[in-house]
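Architecture at a glance
Here's the letter readout for the chains.
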Amino acid sequence: MRLFSKLIAHFVGNSFKWIYYRGSKSMDEVIKDDNSTLGFIVIIILIFITLSLKN
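The notes below deal with the structure included here. (Residues numbered from 1 in each chain as written. Predicted model: local features only at pLDDT ≥ 70, side-chain atom pairs only at ≥ 80, totals over all residues. Heavy atoms only, no water.)

Now for the pattern of salt bridges. A complete count under the given rule lists one salt bridge for this structure. The salt bridge involving aspartate 33 is made with lysine 17; its shortest N-O contact spans 3.3 Å. Separated by 16 residues along the polypeptide, aspartate 33 in the loop between helix H2 (27-31) and helix H3 (36-54) and lysine 17 in helix H1 (residues 2-20) bring together distant segments of the chain. Accessibility expressed as a relative area gives 38% for aspartate 33, which makes it partly exposed. (Salt bridge = Lys/Arg side-chain N within 4 Å of Asp/Glu carboxyl O. Helix = DSSP H or I, 4+ residues; strand = E, 2+ residues; numbered from the N terminus. Buried < 20%, exposed > 50% of the residue type's maximum accessible area, 1.4 Å probe, protein only.)

Written out as structure tokens, the structure is:
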């Protein structure tokens, strides 16, 4: 389960960083950095936003 969650966080982090660069950098350049922490932060923010909209 831990590996699966790290994979999701890494995918979200890479995607978010690629969108941040507006596609000017290739995905290969973005993947070189470890973006799993960024992905984890984005996931937590999205969870808080969805929970606040639900109430």
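Okay, back to it.
Now for H1. Each full turn of the α-helix corresponds to 3.6 residues, which orients residues three or four apart in the same direction. Look at H1: 27 Å from first C-alpha to last across 19 residues, which is about the 27 Å you get at 1.5 Å a residue. The complete set of buried residues in H1 reads Ala9, Gly13, Asn14 and Lys17. Seen from one end, H1 has its buried residues packed into an arc of 130°, which puts them on one side. Exposed side chains of H1 directed beyond 90 degrees from the buried face belong to Phe4, Leu7, Phe11 and Ile19. The elements touched by buried residues of H1 are H2 and H3. A positive backbone phi angle near 55° is found at arginine 22, which sits one or two residues after H1. (Expected span 1.5 Å × (residues − 1). Arc of directions from axis to C-beta. Contact = heavy atoms within 4.5 Å.)

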